[in-house]
Amino acid sequence: MIIAILITLFFIILRFTVTLFNFISNPKLHRVGKQYNDRVSVLVPARNEADNILTLLRSIHKQDYMNYEVIILDDESTDDTYAVCSAFAANHPGFKVVKGAKLPDGWIGKNYACHQLAQHADGKYLLFLDADEEVKPGLINSSVHRMHLHQLGLLSLFTNQQMETPGEKAVVPLMHFILLNLLPVRLIYLVKNATVAAASGQFMLFDAAIYHQHQWHNAVKNKVVEDVEIMRLIKAEAYNGEALLANGMISCRMYKSYDEAINGFGKNFLAAFNYSIIGFLIYIVLVIGGPMIVIMTLNLPLIFFMLGLIMLTRTMISLLSDQSAVSNIIMHPLQMLNMLLIAVISIQKYLTKTTVWKGRKI
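Attention now moves to the overall build of the protein chain. Counting its regular elements, the protein chain contains 16 helices and twelve strands. The C-alpha atoms of the protein chain give 21 Å as radius of gyration, which agrees with the globular expectation for 362 residues (21 Å, within 12%). Counting only C-alpha atoms, the protein chain reaches 65 × 45 × 40 Å along its principal axes. Per-residue burial for the protein chain yields a buried fraction of 55% across its 362 residues.

Listed below in structure tokens is the structure:
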């Protein structure tokens, strides 16, 4: 029991330290006044996104960046995605929509869609966005500045998450929770070793020349968490890669209900741990089981110390990700239970090979 308590406290202190480092280093994309004019190809894979994609297209059109093109690829949608995008493109020069080819064997759908999009692009930079996002003025210019500043092969942003229902708030904050108390984000750029890698497929900005040389999406064509894998490849090839928080310049409502959020996270949580079931379970036990052991001791000073660190950690993560600290602290126990549920679903789907996304088996 004493050993379990010591391990739990060590892990909580370690996670608090990582979060504190992230809070102090403030790894956010900052707005810049200097204006750039490099050609940027904004590339949007879209599968059954008729209800979402106009918000993104309109927000891109309002950007204060001038030299860009927007290409949307309709990835075998069964709804009105192609018609909606075509109607928008007809009235907005610089926007166009193309039909995607049939998904070949051995490819994940999104990876193949991105691979095709790159073949249509002529920009100096390739910016891949998801169809359910909304961008703010300053995003493209500030991102291009970062590419110049650090001579990056890839810049990825962790987008701000929009949450409206209680079910979303009980699940979606887990993404930033895991990221910001496990990984010092600044080290993604500072440490050149490829093992220190993280990225978000919701915003991936590539140096086009490097991308076309290495065909990054082709290199990870069968990977579920292709964003992290590409960042690893970028760094393994001795290019600079960086990941930052979006700082309110791009947001996304990933899921619109509790069930969507649980199933969506269940698709890729295990992949984020490189499919190590043992490693994933150890993390779950330490994060959820460890605090329960401490509470069972009924040692009030120890319990208050642990809860204090957890509350401070959640507060810093919430401030970094522009979320409600009060909400995340209050819902922390429920979020931990949902993390356990997601773990069970993720492992079950992986072992039974029944993961399905956007109507396709992964």
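From this point, things continue past the structure.
Spatially, three strands are ordered β5-β10-β7 in an open sheet, and the strand pairing comes out mixed. The open sheet is flanked by β5 (133-135) and β7 (160-161), the only strands paired with a single partner. Of the strand pairs in this sheet, β7 and strand β10 (residues 250-252) are connected by two bridges, and their pairing is parallel. Considered in β10, the bridge of Asn160 is made with Ser251.

Our focus in this paragraph is the packing of aromatic side chains. Within this structure, the stated rule accounts for nine aromatic pairs. With 6.2 Å between their ring centres and 85 degrees between their planes, Phe11 and Tyr283 make a pair best called edge-to-face. One end of the pair, Phe11, is in helix α1 (residues 2-25); the other, Tyr283, is in helix α13 (residues 277-296), with 272 residues separating them in the sequence. We classify Phe11 as buried; its relative accessible area is 12%. Chaining the aromatic ring pairs together yields one cluster made of Tyr68, Phe88 and Phe95. The ring of Tyr82 has Lys99 lying over it, and the distance from NZ or CZ to the ring centre is 4.5 Å. A cation sits over an aromatic face here: Lys192 above Tyr189, 4.2 Å from the ring centre.

Considering soluble globular proteins, one finds that nonpolar side chains tend to be buried as a cluster. Judged by nonpolar contacts, the single largest core of 66 residues is most densely connected at Leu126, Phe128, Phe177, Phe206, Tyr283 and Met339. Each residue touching Met339, except ones within four places of it in the same chain, is listed here: Leu174, Phe177, Ile178, Phe269, Tyr283, Ile284, Val287 and Ile288. Grouped together as the second largest cluster of nonpolar side chains are 38 residues, Ile60, Cys85, Ile140 and Ala246 included.

When two helices pack together, their arrangement is given by the angle between the helix axes and by the axis-to-axis distance. In contact at an axis separation of 9 Å, α1 and helix α14 (residues 300-320) are set at 25 degrees when each is read in the N-to-C sense. By the angle between their axes, α1 is roughly parallel relative to α14. Remark: the crossing between α1 and α14 carries left-handed chirality. Contacts from Ile5, Leu9, Ile12, Ile13, Phe16, Thr19, Leu20, Asn22 and Phe23 in α1 reach Leu302, Phe305, Met306, Leu309, Leu312, Thr313, Met316, Ile317, Leu319 and Leu320 in α14. When grouped by side-chain class, the residues that make up the contact of α1 with α14 number 16 nonpolar, three polar and no charged.

Tracing the chain through its elements places Arg186 in the loop between α7 (174-180) and α8 (187-190). Sequence-distant contacts of Arg186, defined by excluding residues within four places in its chain, comprise Phe21, Asn22, Ser25, Asn26, Pro27, Lys28, Arg146, Glu242 and Leu244.

Moving on to helix α16 (residues 332-352). Taking 1.5 Å of rise per residue, the 21 residues of α16 would be expected to cover 30 Å, and the 30 Å separating its terminal C-alpha atoms lies within 8% of that figure. Those residues of α16 that are buried are in contact with α6 (166-169), α7, α12 (258-272), α13, α14 and α15 (325-330). Where α16 terminates, the next one or two residues include Lys353, which has phi positive at roughly 55 degrees.

Here the focus is the pattern of salt bridges. With the rule as written, the count across this model stands at eleven salt bridges. Put simply, Asp130 and Lys110 hold a salt bridge, and the shortest N to O gap is 2.9 Å. Within this pair, whereas Asp130 is found in the loop between β4 (125-129) and β5, its partner Lys110 is found in helix α4 (residues 109-120), the two being separated by 20 residues in sequence. Assessed through its relative accessible area of 15%, Asp130 is described here as buried. One salt bridge in this structure joins Glu164 and Arg253, with 3.3 Å as the shortest N-O distance.

Attention now moves to the pairing of strand β3 (residues 95-99). The side chains of a regular strand alternate between the sheet's two faces. Both strand β2 (residues 68-74) and β3 contribute to a ladder of five bridges, which runs parallel. What sits directly across from Ile72, in β3, is Val97.

Counting buried positions along strand β9 (residues 240-245) yields five of six residues, so the element is predominantly enclosed. Note that strand β6 (residues 152-158) and β9 share six bridges and pair parallel. Counterpart to Phe158 in the pairing with β9 is Leu245.

Moving on to the layout of surface pockets. Summary: where empty space remains is shown by rolling a probe the size of a single water molecule over the atoms. Each pocket or cavity is described by its volume, and for the second largest pocket that value is around 360 Å³. Together, 17 residues line the second largest pocket, and Pro291, Ile310, His332, Pro333 and Met336 are the ones closest to its centre. Put simply, the parts of the chain that give the lining of the second largest pocket at least two residues each are α1, α13, α14 and α16. A breakdown of the residues in the lining of the second largest pocket according to their chemical character gives 14 nonpolar, one polar and two charged.

What counts, and where the lines are drawn
Residues numbered from 1 in each chain as written. Predicted model: local features only at pLDDT ≥ 70, side-chain atom pairs only at ≥ 80, totals over all residues. Heavy atoms only, no water. Helix = DSSP H or I, 4+ residues; strand = E, 2+ residues; numbered from the N terminus. Rg over C-alpha atoms; globule rule 2.2 N^0.38 Å. Buried < 20%, exposed > 50% of the residue type's maximum accessible area, 1.4 Å probe, protein only. Pairing = 2+ DSSP bridges. Phe/Tyr/Trp six-rings, centres within 6.5 Å; stacked < 30°, edge-to-face > 60°. Lys NZ or Arg CZ within 6 Å of the ring centre and 35° of its normal. Core = buried A, V, L, I, M, F, W, Y, C linked by side-chain atoms within 4.5 Å. Contact = heavy atoms within 4.5 Å. Axes fitted to C-alpha atoms, helices over the stretch in contact; angles between N-to-C directions. Parallel < 35°, antiparallel > 145°, perpendicular 65-115°, else oblique. Left-handed = near helix turned anticlockwise from the far one by under 90°. Nonpolar A, V, L, I, M, F, W, Y, C, P; charged D, E, K, R; others polar. Expected span 1.5 Å × (residues − 1). Salt bridge = Lys/Arg side-chain N within 4 Å of Asp/Glu carboxyl O. 1 Å grid on protein atoms, 1.4 Å probe; cavity = no way out; pocket = protein on both sides within 12 Å on 5 of 7 lines; lining within 4 Å. Points joined across faces, edges and corners; volume = space filled by probe spheres on them.

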